[in-house]
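Here's the letter readout for the chains.
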Amino acid sequence: MSRYSRQIIQEQFGPAAQDRLAQARVTLIGCGALGTVIANTLARAGVGYLRLVDRDFVELNNLQRQVLFDESDALNGVPKSVAAASKLAIANSEITIEPIVADAHAGNIESLINGATVVLDGTDNFETRYLINDAAVKQNLPWVYGACVSAEGMVMPIIPGATPCLRCIFDAPPPPGVSPTCDTAGVLSPIVNIIASIQSMEAMKIMIGRTDALVRRLVQFNVWTGEFTAFEMQAALDAGDCACCRQRQFAYLDGTQTGRTVTLCGRNAVQVRPASDISIRLEEVAERLKSAAKNPPRLNRYLLRFEVDQYEITLFRDGRAIIKGVNDVEAGRTIYARYIGA
């Protein structure tokens, strides 16, 4: 246990807490800016099982704030969950790390979080956060919300039935174009580290059984001005009219409030996902595209990348495609059908 001696001797922690961390299971949805800091923190703290779920691959502009990746990951287009797991295995070989290259959606979210001690939000979009909220409330699993853009961030632990859920506070996500994104406002890496660190600490409290010590407020921090605010939100739960945690209506989980084609934050790109789960033989697609692509398609065991017209397309084995060079979902569907199939 000498590896963890500095946190074991901390007065609120101790050997029993370390043992509980070793038995804990974490599902982290999203392994980008917030997710890499969270994964790095929890792996080094000794969390026994980390499941890393991410749909994306590493690009050069990720390196400014996504702490587990390097230039070779970006050059080779390595999936983020795989690259993160590789780095973490070097940092701590005593824990189990499970990378999953997948989009978290209504059809798989429950299986992804099943058996978790706590679920962590490392996503960059409202739709997936509401999906996590639905699934966690349904399964009575604690989760920790986090978000940041520009110089500001927010974080809140959610214990179903005891604290407000995400929909208690924000009944619906803002309409597209209303809220700033990392594409329109950018993001400073220090706010990422602060918010992800708070998320990690709240998750550790849950894992060691110290929910009494949770900061049961919506915490907001501006790294530029140094302003810190903690909003008391318990009244939102006590009102008793939340569609999710009170009425047990899971609109995002049952698919009525989710889409299959989405724009990606800060990417000038869209993700297109087939209407049903499929398995694509990337080798066959690569062969077919040789005459249409600008350059020879690049293939690895996880994905196929090729360029056609002004678009860069990354196709995964589950049929998902990220189409760079377009930010309109309908145009994304058209490009997908043209080069990959309907």
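This structure is a prediction, so every number in the text was calculated from the model and none was measured.

If you tally the helices and strands in the chain, you get 13 helices and 14 strands. A compact globule built from 342 residues would reach a C-alpha radius of gyration of about 20 Å, and the chain, at 20 Å, matches this within 12%. Seen through its principal axes, the chain has C-alpha atoms that stretch 65 × 50 × 40 Å. Across the 342 residues that make up the chain, the buried fraction comes to 52%. Just so you have it, the chain exposes about 15300 Å², and 50% of that area is on carbon and sulfur atoms. Between the centroid of the 34 positive side chains of the chain and the centroid of its 36 negative side chains there is a distance of 4 Å.

So, about the side chain of Q271. In this structure, Q271 sits in strand β10 (residues 269–272). We classify Q271 as buried; its relative accessible area is 1%. Of the polar contacts made by the side chain of Q271, one reaches the side chain of D103; its length is 3.1 Å. Within the structure, Q271 has its side chain in polar contact with the side chain of R320 (distance 2.9 Å). Once residues within four sequence positions are removed from consideration, Q271 is found in contact with R55, D103, R260, T261, V262, L264, R320, A321 and I322.

To continue, consider the pairing of strand β12 (residues 303–308). Of all 6 residues that make up β12, 5 are buried, and the element is covered over most of its length. With 2 bridges joining them, strand β11 (residues 298–299) and β12 adopt antiparallel strand pairing. Directly across from R298, in β12, lies its bridge partner R305. Connecting β11 to the antiparallel partner β12 that follows it, the hairpin turn spans 3 residues. Two successive antiparallel strands, β12 and strand β13 (residues 311–316), enclose a turn made up of 2 residues, where D309 displays a positive phi of approximately 50 degrees.

On to the pattern of salt bridges, then. Applying the stated criterion to the full structure yields 17 salt bridges. Its salt-bridge partner being K138, residue E110 comes within 3.3 Å of it at the nearest N-O pair. Separated by 28 residues along the polypeptide, E110 in helix α6 (residues 109–113) and K138 in helix α7 (residues 126–139) bring together distant segments of the chain. For E110, a relative accessible area of 26% translates into the label partly exposed. Because the salt bridges share partners, they merge into one network encompassing R55, D103 and R273.

Sheet architecture is open: 6 strands sit in the order β9-β10-β14-β13-β12-β11, paired in antiparallel fashion. Of all the strands in the sheet, the pair left with one neighbour each is β9 (261–264) and β11. Sheet topology note: the β13/strand β14 (residues 321–324) ladder contains 4 bridges and is antiparallel. Bridged to I313 within β14 is I323. Packing of helix α12 (residues 282–289) onto the sheet brings it into contact with β11, β12 and β13, and relative to β12 it is tilted by some 15 degrees.

Here we take up the packing of aromatic side chains. Each aromatic ring pair is specified by the distance between its two centres and by the angle formed by the two planes. Enumeration according to the criterion identifies 4 aromatic pairs in this entry. A centroid spacing of 6.5 Å and a plane angle of 35 degrees characterise the contact between F57 and F316, whose relative ring orientation is tilted. Here the residue F57 occupies a position in the loop between β2 (49–54) and α4 (71–76), and F316 occupies one in strand β13, the gap between them amounting to 259 residues. F316 shares its class with F57; the two are buried.

Time to look at the packing of helix α3 (residues 33–45) against helix α10 (residues 189–207). Orientation of α3 relative to α10, taken along the N-to-C sense of each, is 45 degrees, at an axis distance of 9 Å. The orientation of α3 with respect to α10, classified from their angle, is oblique. α10 is crossed by α3, and the crossing has right-handed handedness. The segment α3 lies against α10, with A33, L34, V37, I38, T41, L42 and A45 engaging V192, N193, I195, A196, S197, Q199, S200, M204 and M207.

Taken residue by residue, helix α13 (residues 329–339) has G332, I335, Y336 and Y339 as its buried positions. The buried residues of α13 occupy one face: seen down the axis, they fall within an arc of 100 degrees. The residue sitting at the N-terminus of α13 and contributing the capping side-chain oxygen is D328; that oxygen lies 2.8 Å from the backbone nitrogen of A331.

We now examine the environment of E11. Summarising the element assignment, E11 is placed in the loop between α1 (5–8) and α2 (15–23). What makes E11 exposed here is its relative accessible area of 71%. It is 57 Å that separates the C-alpha atoms of E11 and A331, two residues lying 320 residues apart in sequence.

Cut-off values and rules
- Residues numbered from 1 in each chain as written.
- Predicted model: local features only at pLDDT ≥ 70, side-chain atom pairs only at ≥ 80, totals over all residues.
- Heavy atoms only, no water.
- Helix = DSSP H or I, 4+ residues; strand = E, 2+ residues; numbered from the N terminus.
- Rg over C-alpha atoms; globule rule 2.2 N^0.38 Å.
- Buried < 20%, exposed > 50% of the residue type's maximum accessible area, 1.4 Å probe, protein only.
- Areas by Shrake-Rupley, 256 points an atom, 1.4 Å probe, with all protein chains shown as cover.
- Lys, Arg positive; Asp, Glu negative; His and termini not counted.
- Charge placed at Lys NZ, Arg CZ, Asp CG, Glu CD.
- Polar contact = N/O pair within 3.5 Å; in protein donor to acceptor, adjacent residues only side chain to side chain.
- Contact = heavy atoms within 4.5 Å.
- Pairing = 2+ DSSP bridges.
- Salt bridge = Lys/Arg side-chain N within 4 Å of Asp/Glu carboxyl O.
- Axes fitted to C-alpha atoms, helices over the stretch in contact; angles between N-to-C directions.
- Phe/Tyr/Trp six-rings, centres within 6.5 Å; stacked < 30°, edge-to-face > 60°.
- Parallel < 35°, antiparallel > 145°, perpendicular 65-115°, else oblique.
- Left-handed = near helix turned anticlockwise from the far one by under 90°.
- Arc of directions from axis to C-beta.

Honestly, it's all geometry; don't read function into it.
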